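Take a look at the letters that make up each chain.
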Amino acid sequence: MQKRIIAGLALVAGVGLFSIYAYHSSIEPIASEAASTFSPAEIAQGKVLAAAGYCGTCHTKANDSAAPYAGNYAMHTEFGTIYSSNITPDPATGIGSWSLEAFSRAMRTGVSRDGHHLLPAFPYEHFNKMTDQDIKAIYAYIMTSIPAVKQTKMENDIPFPLNIRWLQAGWKLLFADTSSFDKQDEKSAEWNRGAYLAEGISHCGACHTPRNAVGAEDYDNMYAGATINGWVAPPLTVANPAPLPWQTQDILEYLTTGNSLYHGSAGGPMAPVVHDGMSALSSSDLMAISVYFAELAGNDELEQVTNDHLLSAIDAQKDMPDARLDQGANLYAAACQSCHFSGSTLVKGRPLLSLGSALHLDEPTNLINVMLDGFHADQGIKGIVMPEYRDAFSDEDIANIAAYLRQSAGEEAWPNLTSKVGEVRRQPKYVH
């Protein structure tokens, strides 16, 4: 009996202590005009940073460009669908009544103005690495330059008990990394600037770092690749399976134009990152990010033009199997080869497929997505399109092409390809 009493008291004490830890008071609302005293320089910087953080992409409902930042963008996760919040200056349904203090607390700790915990789909762990000045600049831009839109947030489709916001405090306690940016003194100023942007506002690890069973980033395997919105975000380290290592100029070209001559084009969730996000950054900031990731990716001294992998990939195109006997080769020759065949000099925008990571990943998701839905004018190199074959080819047709391309790239066959194509075809189509 005494043991039960002690255990009960310990449980009550534990719940009480956790409640104290989890509780955050509400921050008093402000009048909207109180947030309008910012310098033009702050607002301009905030506009750049908001773009680099993809705020508009995640906080604007898909296909609803008339209401930017008004929320209800659907994020499909393993735990259900989460809808983004309205962050326009509307005082009733947005953040028009939020002070800079409230905004900063949300950015750094994932706690709303009223004190409730935000779900970790909001990457506050990354935004916490930003300086106070940069957070203030984003606040200044949103409060002065984004039109207020009255739009109520849709209810998340998260099952019990994961939908209990109070429990998010426990998740943070166990898994969240809320440390500030760690400058590496042995690295150059350019490298540190790239790290600051990539780890902070651009939160690259939120998509490219694998997560554990409860959705927390696995920081011991930072940038090791992950699945996001029905696509595979490839590793950004030496583990990237592309035959040619990503070098500084490759990354810079990719972030600047949406395409790398040796690695292909930005599609799926990466397309708005490049065209609606990174494009706002200065050339020096883009170079800094490129320097940072090139070091993680490995050999930056390799001469790409004379690389054996490149020369072999160009020569291998001449060894196509008899299209009369190989259905995958037949379909590829009819629908794809005219754009993707390369001579001794590669053509930007018409990638040599065997060089891209999609054919060398452990799963064919990215390749299938591209074949089903193609590339639109706002993806890859703007204005260059690839047709979609969702309604033209069967699951078996897509699987045959994928199998042929995988084999031609020198990789082992993907298992159960036809069923995988059907699985990808049935998933929610990515839109932004």
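Since this is a predicted model, take the numbers as computed values, not measurements. (Residues numbered from 1 in each chain as written. Predicted model: local features only at pLDDT ≥ 70, side-chain atom pairs only at ≥ 80, totals over all residues. Heavy atoms only, no water.)

Engineer: Pulling in residues and values, what's your account of the overall build of the protein chain?
Structural biologist: Each helix and strand counted, the protein chain has 18 helices and six strands in total. In terms of overall dimensions, the protein chain is globule-like: its C-alpha atoms have a radius of gyration of 24 Å, near the 22 Å expected for 432 residues. Principal-axis analysis of the C-alpha atoms gives the protein chain an extent of 75 × 65 × 45 Å. Across the 432 residues that make up the protein chain, the buried fraction comes to 49%. (Helix = DSSP H or I, 4+ residues; strand = E, 2+ residues; numbered from the N terminus. Rg over C-alpha atoms; globule rule 2.2 N^0.38 Å. Buried < 20%, exposed > 50% of the residue type's maximum accessible area, 1.4 Å probe, protein only.)

Engineer: An account of the pattern of salt bridges is requested, with residue identities and associated values reported.
Structural biologist: One pass over the full model with this rule turns up twelve salt bridges. The partner of Glu363 in a salt bridge is Lys420, and the shortest N-O contact between them spans 3.7 Å. Of this pair, Glu363 sits in the loop between helix H15 (337-340) and helix H16 (365-373) while Lys420 is found in helix H18 (residues 417-426), placing the two residues 57 residues apart along the sequence. Classification of Lys420 as buried rests on a relative accessible area of 17%. One salt-bridge network, in which partners are shared between bridges, spans Glu363, Lys420 and Glu423. (Salt bridge = Lys/Arg side-chain N within 4 Å of Asp/Glu carboxyl O.)

Engineer: Any details on the pairing of strand E2 (residues 80-83)? Residues and values, ideally.
Structural biologist: Sheet topology places strand E1 (residues 74-77) next to E2; four bridges connect them, and they run antiparallel. Bridging from a neighbouring strand, Thr77 pairs with Gly80 of E2. (Pairing = 2+ DSSP bridges.)

Engineer: Can you lay out the confidence of the model for the protein chain for me, pointing to particular residues and giving the numbers?
Structural biologist: Taken over all residues, the pLDDT of the protein chain has a mean of 88, while the share at 70 or more is 91%. Element-level mean pLDDT values for the protein chain span from 48 in helix H1 (residues 2-22) up to 98 in helix H8 (residues 189-199). (pLDDT = per-residue confidence, 0-100.)

Engineer: Which residues make up the nonpolar core, and what values do they have?
Structural biologist: Grouped together as the largest cluster of nonpolar side chains are 59 residues, with contacts concentrated most on Ile138 and Ile142. Going through the elements one at a time, helix H2 (40-52), helix H4 (100-109), helix H5 (124-127), helix H6 (132-145), H8, helix H10 (248-257), helix H11 (270-277) and helix H12 (283-297) are the ones with two or more residues in this core. Among the elements that make up this core, the one with the highest residue count is H6 (eight residues). Setting aside residues no more than four positions away along its own chain, Ile138 makes contact with Gly46, Leu49, Ala50, Phe103, Met107, Met130 and Ile201. (Core = buried A, V, L, I, M, F, W, Y, C linked by side-chain atoms within 4.5 Å. Contact = heavy atoms within 4.5 Å.)

Engineer: Now, about the side chain of His126: what can you tell me, with residues and values included?
Structural biologist: On the secondary structure map, His126 appears in helix H5. The class of His126 is buried, set by a relative accessible area of 4%. The residues contacting His126, other than those within four sequence positions of it, are Glu199, Gly200, His203, Gly205, Ala206 and Glu217.

Engineer: Tell me about the packing of aromatic side chains, residues and numbers included.
Structural biologist: Tallied over the full model, the rule gives twelve aromatic pairs. Taken together, a centroid distance of 5.5 Å and an interplanar angle of 65 degrees make the contact between Phe122 and Phe127 edge-to-face. An aromatic cluster is built from Trp191, Tyr223, Tyr292 and Phe293, whose rings are joined through pairwise contacts. One cation-aromatic arrangement involves Lys172 over Tyr124; the distance from NZ or CZ to the ring centre is 5.1 Å. If you follow Lys187 out to its NZ or CZ, it ends over the ring of Trp191, 5.3 Å from the centre. (Phe/Tyr/Trp six-rings, centres within 6.5 Å; stacked < 30°, edge-to-face > 60°. Lys NZ or Arg CZ within 6 Å of the ring centre and 35° of its normal.)

Engineer: Please provide a residue-by-residue account of the packing of helix H17 (residues 395-408) against H18, values included.
Structural biologist: Put simply, H17 and H18 touch, their axes get as near as 8 Å, and they point 120 degrees apart. As summarised for this structure, H17 and H18 are arranged oblique, according to the angle between their axes. Judged by the twist between their axes, the crossing of H17 over H18 is right-handed. Of the residues in H18, those touching H17 at Asp395, Glu396, Ile398, Ala399, Ala402 and Ala403 are Leu417, Thr418, Val421, Gly422 and Arg425. Here the contact of H17 with H18 is composed, by residue class, of six nonpolar, two polar and three charged. (Axes fitted to C-alpha atoms, helices over the stretch in contact; angles between N-to-C directions. Parallel < 35°, antiparallel > 145°, perpendicular 65-115°, else oblique. Left-handed = near helix turned anticlockwise from the far one by under 90°. Nonpolar A, V, L, I, M, F, W, Y, C, P; charged D, E, K, R; others polar.)

Engineer: Which residues make up the packing of H10 against H12, and what are the values?
Structural biologist: Viewed as axis vectors pointing N to C, H10 and H12 meet at an angle of 135 degrees, and their least axial separation amounts to 8 Å. Here H10 lies oblique to H12, going by the angle between them. Considering the relative orientation of H10 and H12, their crossing is right-handed. Between H10 and H12, the contacting residues are Thr248, Gln249, Ile251, Leu252, Leu255 and Thr256 on the first element and Leu286, Met287, Ile289, Ser290, Val291, Phe293 and Ala294 on the second. Tallied by class, residues from the contact of H10 with H12 come to nine nonpolar, four polar and no charged.

Engineer: Residues and numbers for the environment of Pro387, please.
Structural biologist: You can see Pro387 is positioned in the loop between H16 and H17. For the pair Pro387 and Val370, spaced 17 residues apart in the sequence, the C-alpha separation amounts to 9.3 Å.

Engineer: Describe unusual backbone geometry, listing the residues and the values that go with them.
Structural biologist: Backbone geometry at Tyr54 places phi at a positive 60 degrees, although glycine is not the residue there. Mapped onto the elements, Tyr54 comes out in the loop between H2 and helix H3 (55-58). Accessibility expressed as a relative area gives 8% for Tyr54, which makes it buried. In this structure, Asn416 takes a positive phi of about 50 degrees despite not being glycine. In this fold, Asn416 is placed in the loop between H17 and H18. Asn416 gets classed as exposed once you look at its relative accessible area, which sits at 61%.

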